[in-house]
Amino acid sequence: MAETGVAYVFPGQGSQAVGMGRDLFDHSPAARAVFEEADRILDAPISKLCFEGPVEEVLKTVNVQPAVLTVSIACLKAAQETGGLLSPIFAAGHSLGEYTALIATGALSFSDGLKLVRERGRLMQAAGQQNPGGMLALLGAELQAVEEFCVQTGCHVANINCPGQIVISGSLEAIGKARETAKIRNIKAVPLRVSGAFHSPLMEPALPGLQAALASVPLKDPAVPVISNVTAEPIMSASGIREELLSQLNHRVQWQKSVEYMASSGVTTFLEIGPGEVLSGLIKRTSPAARTLSLSDSQTIRAACAALRGEPP
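### Topic: the state of the cysteines
Then comes step 1: All chains considered together, the criterion is met by zero disulfides.
Then comes step 2: No disulfide involves C155; its sulfur sits 5.6 Å from that of C150, the nearest cysteine.
Then comes step 3: Residue classification places C155 among the buried positions, given a relative accessible area of 6%.
Then comes step 4: Unpaired in this structure, C305 has its nearest cysteine sulfur neighbour in C75, at a distance of 11 Å.

Okay, structure coming up:
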């Protein structure tokens, strides 16, 4: 039964770190089973890559996407294993994390989801080689100013993450121009360690391949609504999932609006399930009254489940 006020949110690329998931593998039989299954599905040692790196291999888009998804599902299973995890009324994921949310809500199988994100990563990496580009986080700027900034530099808004944090994508030339323009305007600009201009028209070479991969995957209606990255509105049926996953590849991620929608629809507690605490920070800046709990290893899972039961820390 769903517990009023809880949402599951799952991180995307950028939350990875060498060593992620190792603690879960060592302490949770349910998480260990996820890693072992992932290795079998991919016929590759994705668990070893998560635990040991090297960092250069982890950062490759084709590797990091299945790695982060695997760790996130391992976190979810480990938390469910404790018996203390409340059910959500919504789920959402940032970019790659949307696939994890679909797995968590039963719309997509773990096996199909894992294969899809590996192919998605491969296609995005190839598109980045065909159309070399990058991404830049602009801090402290309003959306209207960033839209004008993009017109002047040839970039595109890629992620609207929270008030004061908007990520732009563009060609290498456009990103270079954007960095110079940001310096002149005294806007803090932080380059992201990615292999392409994600969530922009420069990803369009990846669309036919992803469309073909999605066409062969069986989908179900999610058990709870999944908030769309593209529209920031609930996806409640299988029919909308393929369109959503294809569209988000070259459209901006509306994360701030997604959080605002969930908060205005009764969510008071956001559980960030997966490596890192990136989403928790974005959520707190968007909805300061919300409670965020990170579930990224055995210690944080125990603490979060105790907090959900109302036990003292």
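We are not done yet, so read on.
### Describing the pattern of salt bridges
Then comes step 1: Tallied over the entire structure, the rule returns four salt bridges.
Then comes step 2: We note a salt bridge from D26 to R22, for which the minimum N-O separation is 3.4 Å. Of this pair, D26 and R22 both sit in helix α1 (residues 22-27), four residues apart, which is roughly one turn of the helix.
Then comes step 3: The partly exposed category is assigned to R22, whose relative accessible area is 36%.
Then comes step 4: Put simply, K60 and E57 hold a salt bridge, and the shortest N to O gap is 2.8 Å.
Then comes step 5: Assessed through its relative accessible area of 29%, E57 is described here as partly exposed.

### What about the packing of aromatic side chains?
In this description, a pair of aromatic rings is defined by centroid distance and the angle of the planes.
Then comes step 1: Within this structure, the stated rule accounts for four aromatic pairs.
Then comes step 2: Ring centres of F25 and F35 lie 6.2 Å apart, and the angle between their planes is 65°; this geometry places the pair in the edge-to-face category. One end of the pair, F25, is in helix α1; the other, F35, is in helix α2 (residues 29-42), with ten residues separating them in the sequence.
Then comes step 3: Considering the side-chain rings of F35 and F51, the 5.1 Å spacing of their centres and the 65° angle between planes classify their relative orientation as edge-to-face. Of this pair, F35 sits in helix α2 while F51 is found in helix α3 (residues 46-52), placing the two residues 16 residues apart along the sequence.
Then comes step 4: Given a relative accessible area of 0%, F35 falls into the buried group.
Then comes step 5: Cluster of aromatic residues (ring-pair linked, three or more members): F25, F35 and F51.
Then comes step 6: Over the ring of F25 we find R32, and its NZ or CZ is 5.6 Å from the ring centre.

### Re the sheet that holds strand β6 (residues 188-191)
Then comes step 1: Taken in spatial order, the four strands of this open sheet run β4-β5-β3-β6, and their pairing is antiparallel. Edge positions in the sheet fall to β4 (156-162) and β6, since each has one partner strand and no second. Within the sheet, the average angular offset between the axes of one strand and its neighbour, ignoring direction, is 25°.
Then comes step 2: Two strands pair when backbone bridges link them, and β4 and strand β5 (residues 165-171) are joined in this way by five bridges, in the antiparallel orientation. Residue I160 lies in a different strand from β5, and its bridge partner there is I166.
Then comes step 3: Of the strands in this sheet, β4 and β5 touch helix α13 (residues 278-286), which is tilted by about 75° from β4.

### Here we look at the pairing of β4
Then comes step 1: Most of β4 sits inside the fold, with six of its seven residues counted as buried.
Then comes step 2: Here β4 hands over to β5 after two residues, with G164 in that stretch at a positive phi of 90°.

### Examining the environment of Y261
Then comes step 1: Note on placement: Y261 falls in helix α12 (residues 255-264).
Then comes step 2: Relative accessible area serves as the criterion here: at 28%, Y261 is assigned to the partly exposed category.
Then comes step 3: Note: C-alpha distance between Y261 and K48 (213 residues apart in sequence) is 38 Å.
Then comes step 4: Residues within four places of Y261 in sequence aside, it is in contact with F90, I227, A232 and P234.

### Re the packing of helix α8 (residues 143-153) against helix α9 (residues 172-184)
Angle between the axes and distance between the axes are the two parameters that describe a pair of packed helices.
Then comes step 1: Remark: α8 packs on α9, axes separated minimally by 9 Å, with the N-to-C direction vectors making an angle of 125°. On the basis of the axis angle, α8 is oblique to α9. Handedness of the α8/α9 crossing: right-handed. Here F149, Q152 and T153 of α8 come into contact with α9, specifically with A174, K177, A178, T181 and A182.
Then comes step 2: Considered class by class, the residues forming the contact of α8 with α9 number four nonpolar, three polar and one charged.

The rules behind the values
Residues numbered from 1 in each chain as written. Predicted model: local features only at pLDDT ≥ 70, side-chain atom pairs only at ≥ 80, totals over all residues. Heavy atoms only, no water. Disulfide = S-S within 2.5 Å. Buried < 20%, exposed > 50% of the residue type's maximum accessible area, 1.4 Å probe, protein only. Salt bridge = Lys/Arg side-chain N within 4 Å of Asp/Glu carboxyl O. Helix = DSSP H or I, 4+ residues; strand = E, 2+ residues; numbered from the N terminus. Phe/Tyr/Trp six-rings, centres within 6.5 Å; stacked < 30°, edge-to-face > 60°. Lys NZ or Arg CZ within 6 Å of the ring centre and 35° of its normal. Pairing = 2+ DSSP bridges. Axes fitted to C-alpha atoms, helices over the stretch in contact; angles between N-to-C directions. Contact = heavy atoms within 4.5 Å. Parallel < 35°, antiparallel > 145°, perpendicular 65-115°, else oblique. Left-handed = near helix turned anticlockwise from the far one by under 90°. Nonpolar A, V, L, I, M, F, W, Y, C, P; charged D, E, K, R; others polar.

Shape descriptors only; they carry no functional weight alone.
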